[in-house]
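# An overview of the molecular structure
Each chain, letter by letter, is given below.
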Amino acid sequence: MNKILPTSTAGSLPKPSWLAEPEKLWSPWKLEGEELAGGKRDALLLSLHDQLHAGIDIVSDGEQTRQHFVTTFIEHLSGVDFEKRETVRIRNRYDASVPTIVGEVSRQKPVFVEDAKFLRQHTKQPIKWALPGPMTMIDTLYDSHYKSREKLAWEFAKILNEEARELEAAGVDIIQFDEPAFNVFFDEVNDWGVATLERAIEGLKCETAVHICYGYGIKANTDWKQTLGSEWRQYEESFPKLQRSKIDLISLECHNSHVPMDLIELIRGKKVMVGAIDVASKTVETPEEVANTLRNALRFVDADKLCPCTNCGMAPLPRDVATGKLKALSAGAEIVRRELGA
Ligand SMILES: [Zn+2]
């Protein structure tokens, strides 16, 4: 993409109310069987339309075909028993009932590749596809087989690599791995987190991204943020290692957060997807607010490496709010492009 400051979203967008209950995470589907399959494709096209209409440059499927960014991928793997559920503490923050690893994990068939081909057929814009990262996957499961977080992470990395290679072949331009767990388990990030991520991107020629955030605007996350103090320095733990990694882009949370902007210095040389949209608030940013966040970021990242983005996914927001935020993102980026003489 030659355009300067290409805009994109971190991931999910709201689903239409006829497909799943709105403003809810892990919202159950309202359709079944063939109707559900067709409904998901229709929703993907709507989501694509919303992004294009708002002027978003790098588009996605808005995660319309998945119930949850981690579990939907895991559901397609063998070695996981969804009937056998255990309650675990996710990212040291909230309890959830999760499936159990009961045997060797493997991917019997592609998970999102058909969806990606479908999206590719409907737009000439660059497309980005999100997958869960290995560490975030193991943190959303109960493991009674490997009994080692690291061992399981390497297995998932291998599986993710198989999926990523097929997504690349389907025409995906950027493959993104969501690793919110990188903001929590710092020792593991350094011991094997970044290494397993590099295993997941092995041999890829398309661009690769990692998204590290403070989560959706749900209560467990906003409560957690209250405990983090006035300066959020979590990125300081993972950025130096990521700066030396083979990952091309790093997606991070900036707007309305307490992340000191100068932490971006730590990933000098990487493309930075700067979160200029707050996903934990229903207030739509003004273009000028977006522009301000981008101007701030430009003190620490070169203009040719700045990619305006959202802080995280917008699935739990009302659709009109999410659409308003997409438009604000585009308009804010355009203000800064003009200032840069582009
Ligand atoms: Zn996120």
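This text follows the structure it describes.
Below, the structure is looked at part by part. On a predicted model such as this, the values are computed, not experimentally measured, just so you know.

## Notes on the sheet that holds strand 1 (residues 77–90)
A sheet is described by the order of its strands in space; here 3 strands give the open sequence 1-2-4, paired in mixed fashion. Edge strands, defined here as strands with exactly one partner in the open sheet, are strand 1 and strand 4 (142–143). Pairing between strand 2 (residues 94–107) and strand 4: 2 bridges, direction parallel. Bridging across to strand 4, Thr100 finds its partner in Tyr142. Lying over the sheet, helix 5 (residues 149–169) contacts strand 1, strand 2 and strand 4, oriented at roughly 70° with respect to strand 2.

## What to know about the sheet that holds strand 8 (residues 271–275)
Reading across the sheet, the 6 strands line up as 3-5-6-7-8-9 and stay open at both edges, with parallel pairing between neighbours. Every interior strand has two partners, whereas the edge strands, strand 3 (128–132) and strand 9 (306–309), have only one. Strand-to-strand twist of the sheet, defined as the mean angle between neighbouring strand axes without regard to direction, takes the value 25°. Note that strand 8 and strand 9 share 4 bridges and pair parallel. The residue of strand 9 that forms the bridge with Met273 is Cys307.

## Here we look at the environment of Gly269
Residue position: Gly269 is located in the loop between strand 7 (249–253) and strand 8. For the pair formed by Gly269 and Gln243, sequence separation is 26 residues and the distance between their alpha carbons is 7.5 Å.

## Some remarks on helix 1 (residues 33–53)
If you check helix 1, its first and last C-alpha atoms are 30 Å apart, about what 21 residues at 1.5 Å a residue would give, namely 30 Å. Within helix 1 the residues assigned to the buried category are Gly39, Lys40, Ala43, Leu44, Ser47, Leu48 and Gln51. Close packing links the buried residues of helix 1 with helix 3 (113–121) and helix 10 (319–339). Directly after helix 1, the chain includes Gly55, whose backbone phi takes a positive value near 85°.

Cut-off values and rules
Residues numbered from 1 in each chain as written. Predicted model: local features only at pLDDT ≥ 70, side-chain atom pairs only at ≥ 80, totals over all residues. Pairing = 2+ DSSP bridges. Helix = DSSP H or I, 4+ residues; strand = E, 2+ residues; numbered from the N terminus. Contact = placed C-beta atoms within 7 Å. Axes fitted to C-alpha atoms, helices over the stretch in contact; angles between N-to-C directions. Expected span 1.5 Å × (residues − 1). Buried ≥ 20, exposed ≤ 12 C-beta atoms within 10 Å, placed from the backbone.

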